[in-house]
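# Observations on chain architecture
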Amino acid sequence: MLVKWGFIIALLSSIPFGIWVWWLNGQVVSRFEGQKWQVPSEVFSAPTVLHSGAPWKKQDLERLLEEAGYRFGRNSQQVGWAAKSQDKVSAHLRSYVDHNGFHQSERRIFSFPNERLLIQALNGDEVAEAKIEPQRIGFLYGGNTESRQILRFEDIPQALMDILIAVEDQDFYQHWGISLTGIARAVVVNVTQGARRQGGSTLTQQLVKNMYLSSERTYTRKMTEVVMSILLEYHYSKEAIITAYINEVYLAQLGSRALHGFAAASEHFFGRPLGELNLDEFALLVGMVKGPSLYNPERSPNRAKSRRDTVLAILKDQGRLSKTDFDRLIKQPIRLANQQKERSVYGDYLDLVAMQLSRDFDETTLATQNLRIYTGVDIRAQRAASVAIQRQVGVLEKRDPSLKGLQGAMVVTDRLSGQVRAVVGSSGSYYTGFNRALGAVRPIGSLVKPPLYLSALATGRYTWWSEIEDKRLRFNVGGQIWQPENYDKQTHGVVHLYEALAKSYNLATVSLAQQIGFDRVGDTLRQLGVKRPFTMHPSVSLGALELSPFEVSRLYQPIASQGSSSELGVVLSVMDQDDRLLKRFNQRRNVPFTDALLAVTLDGMTKTPQIGTARAAQAAFPHLHFAAKTGTTNQQKDSWYVGITGDYSSTIWLGADQNVPLSITGSSGAQTVWIDFTRSINARSLPRALPDGAARFHVLNDSFEIAAERCEEKTELAFILGTEPKESSACFWIF
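Residues numbered from 1 in each chain as written. Predicted model: local features only at pLDDT ≥ 70, side-chain atom pairs only at ≥ 80, totals over all residues. Heavy atoms only, no water.

## A few points about the overall build of the protein
Within the protein one finds 24 helices and 32 strands. The burial tally for the protein puts 55% of its 735 residues in the buried class. Relative to all contacts within the protein whose residues are 6 or more apart in sequence, the contacts with residues 24 or more apart total 67%. On the protein, roughly 32,700 Å² of surface is accessible, and the fraction owed to carbon and sulfur atoms is 51%. (Helix = DSSP H or I, 4+ residues; strand = E, 2+ residues; numbered from the N terminus. Buried < 20%, exposed > 50% of the residue type's maximum accessible area, 1.4 Å probe, protein only. Contact = heavy atoms within 4.5 Å. Areas by Shrake-Rupley, 256 points an atom, 1.4 Å probe, with all protein chains shown as cover.)

As structure tokens, this is what we get:
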């Protein structure tokens, strides 16, 4: 009878335990097979395309490769490595996948004859172009606070797994979730070494703690950990468990973000993919598992190095590392990547990315689904733009203390495609949260003039040679008299249109706008892309139109591209973590003007650096053929500059957040930023070719006639065919 009741009591008491185990089993399976991680979307730059024949300096390419995580050594045979000699650079470029497909890794040799890039294959054949893979420039977190990258088992470096198992769980492939021998071994090692060098928890137990449990220390939580570890081992393979561990493990706190997984840690601390790390770098990361805060190499480099050396000693003691290699590796310093660039350089660009994607993807998806977002940002142009604004604002503030607090913004687009290549929203060193490239809506001053002159050329009644009188005018606007002035307070008589634009004559420009009709000018501005509502008053023809730098860039894009593009592009495509294309973003080309008209307008803007207000830029680049326009608003509250080269169209604004008068103009302020930027990127000239329907002619300065080659007093101007001079002059006199 006693045995019977004992069996019944044992059976009844086991029922709650069985229900508890059944419930835990459901928790283990649902979490592990469901969405194990909420991973924010990664944002990537465009690939850097290197063209043979393009202007490049050796040190610029070396710096670009270093920033992309390439390591320089004696040779470049391994992927991700580069080598350099006195006059050449060689690199084994990484493979990558984007919306255009798979791009194979390739070894290339780069030389720089006359500061022009020459790309060659290993056999010496010249190669037209080479591509450096897109760089991750940041994440879109939404409400998420984790930084993570997901690896598949086949992507995990074997060396990392070997070190992790050797240090954290030697019996990983033998135990079934918990290891009694591992616990015993840890006790022996820790006692004999006089310090805690090994723990008793298996990798499976650590994974359970990270994925399922809180950090409380109770017997109930420990029992739960043991049972869940056994269940996890029962349901899933060792490969699945160690893959989950390597993706899940917590390794650092980065402000409000938690850094999870070895892949994300490799990118953060070393700036390179996990598969390209050395043995001592793997040891450093594995060593951090024991105490992510304690052994963070950014905060405690000496303590982190000591822990790394301890991990290497464990490998030596287990016979996994020779004494020679051990002695060599512990002498290696810890070399960390620069951690400021994502925040300081790309924060403003990420604002644009988030703004565009918000129309097609909800915040939760962007913050959790590990989408891969490919953008048009050019890392070289972005860096150059950021440095140029910071440096030149600093120079201006030092020159004139009244400019202290001067702010700036810059938008750089691809001249032909309209892809936004760089965005800078502040003159400060770090991302401030206020993006002036988008939010600084200010009068654009004389930047309104090229669209106005385009409007005149579009009538067919005017050419660049046409004459207009630069004289004082009075306008009655709503009962108020508006009387514009030139910047120099002078009048200049009868001038050609190209002179009026190049020298930014206000009175001639207003007179032209009056002749063609102010409403026509307003219509042209809207057709070129101004979406912000405005009322067309005479003052708008001199820039009393408020736009952000981004909107100005869009306004100029049809002119800069000669009709190839009108909208600005930010995101190229969105792919999922399995490299499936989810969405491709195609820009619309919707410009109600002919390519010939746009090209003639652009050509007219090249006179500004030659004879007008941008002569300082032409002096800085005497052999560069480019278009430009300076802009200064009333009381010099805003300094503007647009510069257009063969590769880029750049818009720059300088001003004070308090909207107060400044001591700089477009020429003395924003133009200096453009010169600095252009010097850094080795700009290419605008092409000389014009589209069908347009051509250049040399015209006599004092007569509307095509000038012969021998003529001296002549000017080269672009015309829409049919509007060019019909008469010619030989400039030949009989004495």
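## Thoughts on the sheet that holds strand S26 (residues 627–632)
Spatially, five strands are ordered S17-S16-S28-S27-S26 in an open sheet, and the strand pairing comes out antiparallel. With partners counted over all chains shown, the strands left at the sheet margins are strand S17 (420–424) and S26, one partner each. For this sheet, the mean inter-axis angle between neighbouring strands, taken without regard to orientation, is 5°. The sheet contact formed by strand S27 (residues 638–644) and strand S28 (residues 648–655) spans seven bridges and is antiparallel. Residue Asp638 lies in a different strand from S28, and its bridge partner there is Gly655. Along the sheet, helix H14 (residues 379–399) makes contact with strand S16 (407–414), S17 and S28, crossing S17 at roughly 30°. (Pairing = 2+ DSSP bridges. Axes fitted to C-alpha atoms, helices over the stretch in contact; angles between N-to-C directions.)

## Notes on the nonpolar core
Core analysis: the biggest nonpolar cluster contains 110 residues, and Leu61, Phe110 and Leu357 have the highest contact counts within it. Residues in contact with Phe110, not counting those within four places in the same chain, are Leu50, Leu61, Asp87, Lys88, Val89, Ala91, Leu93, Leu117, Leu118, Ile119 and Ala130. (Core = buried A, V, L, I, M, F, W, Y, C linked by side-chain atoms within 4.5 Å.)

## What to know about the side chain of Ser111
Counting through the fold element by element, Ser111 comes out in strand S8 (residues 106–111). Residue classification places Ser111 among the buried positions, given a relative accessible area of 8%.

## Considerations on the packing of helix H18 (residues 506–516) against helix H19 (residues 518–527)
Relative orientation and spacing of two packed helices are given, respectively, by the angle between their axes and the distance between those axes. Running from N to C, H18 and H19 point in directions that differ by 95°, and their axes come no closer than 6 Å. When the axes of H18 and H19 are compared, the pair comes out roughly perpendicular. Residues Val510, Ala513, Gln514 and Ile516 of H18 pack against Phe518, Arg520 and Val521 of H19. Tallied by class, the residues present in the contact of H18 with H19 amount to five nonpolar, one polar and one charged. (Parallel < 35°, antiparallel > 145°, perpendicular 65-115°, else oblique. Nonpolar A, V, L, I, M, F, W, Y, C, P; charged D, E, K, R; others polar.)

## Some remarks on the environment of Phe704
With respect to the helices and strands, Phe704 occurs in the loop between strand S29 (694–700) and strand S30 (706–707). As for Phe704 and Pro725, which are separated by 21 residues in sequence, their C-alpha atoms are 5.9 Å apart. Residues in contact with Phe704, not counting those within four places in the same chain, are Thr463, Trp465, Val699, Phe719, Thr723, Glu724 and Pro725.

## Re the pattern of salt bridges
The tally for this structure, following the rule as stated, stands at 33 salt bridges. In this structure, the salt-bridge partner of Asp578 is Arg580, at a minimum N-O distance of 3.7 Å. Each of the salt bridges in this network shares a partner with another, and the network as a whole consists of Asp280, Lys305, Arg308 and Asp309. (Salt bridge = Lys/Arg side-chain N within 4 Å of Asp/Glu carboxyl O.)

## Details of the packing of aromatic side chains
Overall, the coordinates contain 12 aromatic pairs when judged by the stated rule. Here Trp465 and Phe704 contribute two aromatic rings whose centre-to-centre distance is 5.0 Å and whose plane-to-plane angle is 35°, an arrangement assigned as tilted. Separated by 239 residues along the polypeptide, Trp465 in the loop between helix H16 (449–458) and strand S19 (467–470) and Phe704 in the loop between S29 and S30 bring together distant segments of the chain. For Phe704, a relative accessible area of 30% gives the class partly exposed. When the ring centre of Trp56 is taken as origin, the NZ or CZ atom of Arg380, which lies over that ring, is 3.6 Å away. (Phe/Tyr/Trp six-rings, centres within 6.5 Å; stacked < 30°, edge-to-face > 60°. Lys NZ or Arg CZ within 6 Å of the ring centre and 35° of its normal.)

## Considering unusual backbone geometry
With the exception of glycine, most residues fall at negative phi, and the peptide bonds are largely trans. Backbone geometry places Gln635, a non-glycine residue, at a positive phi of 60°. Mapping Gln635 onto the fold places it in the loop between S26 and S27. Overall, the relative accessible area of 56% leaves Gln635 in the exposed class. Phi angles above zero are rare outside glycine, and Asn682 is one such case at about 50°. With respect to the helices and strands, the residue Asn682 is situated in the loop between helix H24 (666–681) and S29. Residue Asn682 is classed as buried on the basis of its relative accessible area, which comes to 14%.

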